[in-house]
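Given next are the chains, with one letter for each unit.
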Amino acid sequence: MKINVDRDACCGAGQCVLLAPDVFDQDEEGIVVLLDERPPAEQDFAVQEAVSMCPTGVIWVDQNA
């Protein structure tokens, strides 16, 4: 699994950080920062929750990468 983010479209809601803090962070302007584009399998559920809760849909997962 490879995680992708579109930082330019991020609104800074921070749901991803709350749901998967080992994978996502926010910069000083609140924009998403991807900490680990290939997190371990035990993070799968948290990452999927972050994807589904992102209000702007700027996070997506490539399962084949």
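It should be noted that the structure appears before, not after, this text.
First, a word on what this report is: a plain description of the structure on this page. For every chain, the first residue of the written sequence is number 1, and numbering continues from 1 onward in sequence order. Given that the model is predicted, a residue must reach a pLDDT of at least 70 before its local features are reported, and side-chain atom pairs must reach 80 or more before they are shown or counted; all residues, however, enter totals for whole chains, interfaces and linings. Side-chain numbers here rest on the full set of heavy atoms in the structure, without hydrogens or water.

With that settled, consider a nonpolar patch on the surface. Patches here: salt-bridge-free residues with over 30% relative accessible area, like charges joined within 9 Å, nonpolar side chains (Val, Leu, Ile, Met, Phe, Trp, Tyr) joined within 5 Å. Each accessible area value is a Shrake-Rupley result obtained with a 1.4 Å probe; residue values ignore everything except the protein chains displayed when judging cover. Salt bridges are identified by distance alone: a Lys or Arg side-chain nitrogen within 4 Å of an Asp or Glu carboxyl oxygen. Residues Leu18, Leu19 and Met53 make up a contiguous nonpolar surface patch of roughly 290 Å² in combined accessible area. As for its position among the elements, leucine 18 is in helix H1 (residues 15-19). The secondary structure listing takes helices from DSSP runs of H or I that are at least 4 residues long and strands from runs of E that are at least 2 residues long, numbered from the N terminus.

All right, on to the environment of arginine 38 then. Relative to the elements of secondary structure, arginine 38 occurs in the loop between strand S3 (32-34) and helix H2 (44-53). Counting along the chain gives 29 residues from arginine 38 to alanine 9, while the straight-line C-alpha distance between them is 21 Å. Contact criterion: two residues are considered in contact whenever any of their non-hydrogen atoms come within 4.5 Å of each other. Setting aside its immediate chain neighbours within four residues, arginine 38 contacts Met1, Lys2 and Ala65.

Our focus in this paragraph is the environment of arginine 7. Structurally, the position occupied by arginine 7 is in the loop between strand S1 (2-5) and H1. When near neighbours in sequence (up to four residues on either side) are disregarded, arginine 7 contacts Asp27, Ile31, Val32 and Val33. A polar atom in the side chain of arginine 7 sits 2.4 Å from the backbone oxygen of valine 32. Each polar contact in these results corresponds to two N or O atoms within 3.5 Å; when the atoms are within protein, one needs to be able to donate a hydrogen and the other to accept it, and residues that are neighboring in sequence are counted only if both atoms are side-chain atoms.

On to H2, then. Buried residues are those whose accessible area, probed at 1.4 Å on protein chains only, stays under 20% of the maximum for their type, while exposed residues exceed 50% and partly exposed ones sit between those limits. For H2, the complete set of buried residues consists of Ala46, Val47 and Ala50. The buried side chains of H2 occupy one side of the element, clustering within an arc of 100° when seen end-on. In H2, the exposed residues that point more than 90 degrees away from the buried face are Phe45 and Ser52. Think of it as the arc spanned by the lines of direction from the helix axis to the C-beta atoms.

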